[in-house]
Amino acid sequence: MNKTKKPVRVLIVGTGGMARVHAEAFAEMEGVSVVAGVDPRAEVLAAFCDRHGIEGRYATLADAIEQCEFDAASVVTPDGLHYATTMPLIAAGKHVLCEKPLSTDYAFASEMASAAEAASIVNMINLSYRNVAALQKAADMIAAGEIGAVRHFEASYLQSWLTQSVWGDWRTEPGWLWRLSTAHGSKGALGDVGIHIVDFATFAAGSAPHSVSCRTAVFHKAEGDRIGEYTLDANDSFVMHMDLANGAIGTITASRFASGHHNDLRLRIYGDKGGLQVLFERGESHLRAAIGPDALAKEEWSDIDCPPVATIYQRFIAAIRGEAPADPTFLRGAELQQVLDLAGRSQEMGSRSLTLEALAESP
């Protein structure tokens with residue numbers, strides 16, 4: 001006997017480029033409807049709502065909360081506005097899916113996580129690479145002890161949009177230029193994709209970061225290191241050294257100058273009984289393993305089948321319906337922001353190694 005799915009009405013806050021992904025994902029789900037959008041840019045809001053057949057249109061979040069009937073919200077505003085747009089939703093008792101990073105500052109992210117927990121709402125952060133089947137399978141295998149105690153890892157997030165035009169011309173498009181300018185709210189590759197690859201590595205390892213050292217680089221890209229109103233001073237690449245609470249050590253890197261890599265994530269992780277390689281390249285994931293005495297003796301790697309996993313959007317709705325736990329939550333987003341803040345401080349201190357406890361105890 002088929003049961004009718006509990007209806008869920010969704011509000012999308014911020015109707016820029018990424019909002020399209022949210023709208024399309026929710027539109028595919030039974031019993032889920034996007035009832036309104038919020039954006040102070042009238043033309044952008046109208047075009048978005050027309051495209052996706054959304055009736056409700058609000059210039060301010062306050063108007064939407066007061067006038068619109070909705071159960072949950074997707075926050076797709078610029079990074080620096082996540083705190084300001086999420087806290088009123090929490091206060092209104094609405095379930096929230098927030099784009100990454102949760103905030104651009106650990107103090108704000110921690111406050112958001114605490115407020116969401118106190119409000120007993122479903123709260124999740126859009127760490128989209130949790131949707132990678134190979135990553136989920138690897139995490140399960142490591143948790144089951146298949147590679148033994150984790151000892152070493154190498155993780156990278158490689159993009160090439162500063163050397164290749166497959167994503168457009170960054171020199172002329174504001175959607176890319178702002179990511180290169182601290183005055184426009186960017187924290188560079190560290191703030192943009194660092195959260196993804198730190199989560200990718202530590203989620204698989206099943207252990208929290210303990211200490212971090214980091215070095216970032218800003219490369220010359222235009223005359224005077226400036227294009228129009230955009231000063232090109234946000235970091236383009238970073239290299240991070242990390243040790244985990246379980247004693248493992250490793251490196252985490254990212255770059256926008258990785259020619260030949262459109263948007264690729266890699267993780268190699270080794271224990272005292274074997275190793276795994278997680279690849280997400282050209283939109284496809286693969287998992288390889290060297291586990292067991294025979295494989296290790298012959299240095300043989302084998303492909304591992306990985307069952308498909310639910311998307312973050314599906315998991316968010318399932319959590320609202322009480323069908324699955326909410327994961328990853330705002331708490332995870334705050335934990336990751338703490339790592340990124342520590343990495344930034346490490347860079348400022350000559351790449352000194354710093355513990356997370358030191359950041360938590362600092363004024």
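Just so it is clear, the structure is predicted and the values come from calculations on it, not from any experiment.

A. View of the pattern of salt bridges. The final tally for this structure, using the stated rule, is 18 salt bridges. Measuring nitrogen to oxygen at the nearest pair gives 3.4 Å for the salt bridge that ties R130 to D327. Residue R130 is located in the loop between strand 6 (123–126) and helix 6 (133–143), and its partner D327 is located in the loop between helix 11 (312–320) and helix 12 (330–348); the two are separated by 197 residues in the primary sequence. Salt-bridge contacts for D192 lead to R179; the nearest nitrogen and oxygen are separated by 2.9 Å. A residue pair is termed long-range when its members are at least 10 positions apart, and D192 in helix 8 (residues 188–192) and R179 in the loop between helix 7 (174–177) and helix 8 qualify at 13 residues. Exposure remark for D192: the relative accessible area of 12% places this residue in the buried category. Accessibility expressed as a relative area gives 22% for R179, which makes it partly exposed. One salt-bridge network, held together by shared partners, links R130, D199, D327, R332 and E335.

B. Quick peek at the nonpolar core. L11, M240 and I252 are the most contacted members of the largest nonpolar core, which has 74 residues in total. Of the residues forming this core, the biggest block, eight residues, is contributed by helix 9 (residues 194–205). The next biggest cluster of nonpolar side chains, apart from the first, holds 25 residues, and it includes I12, F26, L45 and L97.

C. The packing of helix 1 (residues 19–27) against helix 2 (residues 42–52), seen in detail. Interaxial distance between helix 1 and helix 2 falls to 11 Å at its minimum, and their mutual angle equals 25°. When the interaxial angle is binned, helix 1 and helix 2 end up roughly parallel. Seen along the crossing, helix 1 lies across helix 2 with a hand that is right-handed. Judged by residue contacts, A19, R20, A23 and E24 of helix 1 engage F48, R51 and H52 from helix 2. Classifying every residue of the contact of helix 1 with helix 2 gives three nonpolar, one polar and three charged.

D. Unusual backbone geometry, seen in detail. A cis amide bond links K100 with the next residue in sequence, P101, at an omega value of -15°. With respect to the element layout, P101 can be found in the loop between strand 5 (95–99) and helix 5 (106–119). Following D327, the chain continues to P328 via a peptide bond in cis, the omega torsion being 0°. Positive phi, close to 55°, is recorded for S120, a residue that is not glycine. By the secondary structure assignment, S120 is in the loop between helix 5 and strand 6. Look at S120 and you get exposed, because its relative accessible area is 65%. With a phi close to 50°, D225 is a non-glycine residue in the positive phi region.

E. Local environment of the packing of helix 5 against helix 12. Two numbers describe how helix 5 lies on helix 12: the axes approach to 8 Å, and their chain directions differ by 170°. Classified by the angle between their axes, helix 5 and helix 12 sit roughly antiparallel to one another. Judged by the sense of rotation from one axis to the other, the crossing of helix 5 with helix 12 is left-handed. Mapping the contact onto sequence places Y106, A109, S110, M112, A113 and A116 in helix 5 and F330, L331, A334, Q337, Q338 and D341 in helix 12. Residue composition of the contact of helix 5 with helix 12, by class: eight nonpolar, three polar and one charged.

Rules and cut-offs
- Residues numbered from 1 in each chain as written.
- Predicted model: local features only at pLDDT ≥ 70, side-chain atom pairs only at ≥ 80, totals over all residues.
- Heavy atoms only, no water.
- Salt bridge = Lys/Arg side-chain N within 4 Å of Asp/Glu carboxyl O.
- Helix = DSSP H or I, 4+ residues; strand = E, 2+ residues; numbered from the N terminus.
- Buried < 20%, exposed > 50% of the residue type's maximum accessible area, 1.4 Å probe, protein only.
- Core = buried A, V, L, I, M, F, W, Y, C linked by side-chain atoms within 4.5 Å.
- Axes fitted to C-alpha atoms, helices over the stretch in contact; angles between N-to-C directions.
- Parallel < 35°, antiparallel > 145°, perpendicular 65-115°, else oblique.
- Left-handed = near helix turned anticlockwise from the far one by under 90°.
- Contact = heavy atoms within 4.5 Å.
- Nonpolar A, V, L, I, M, F, W, Y, C, P; charged D, E, K, R; others polar.

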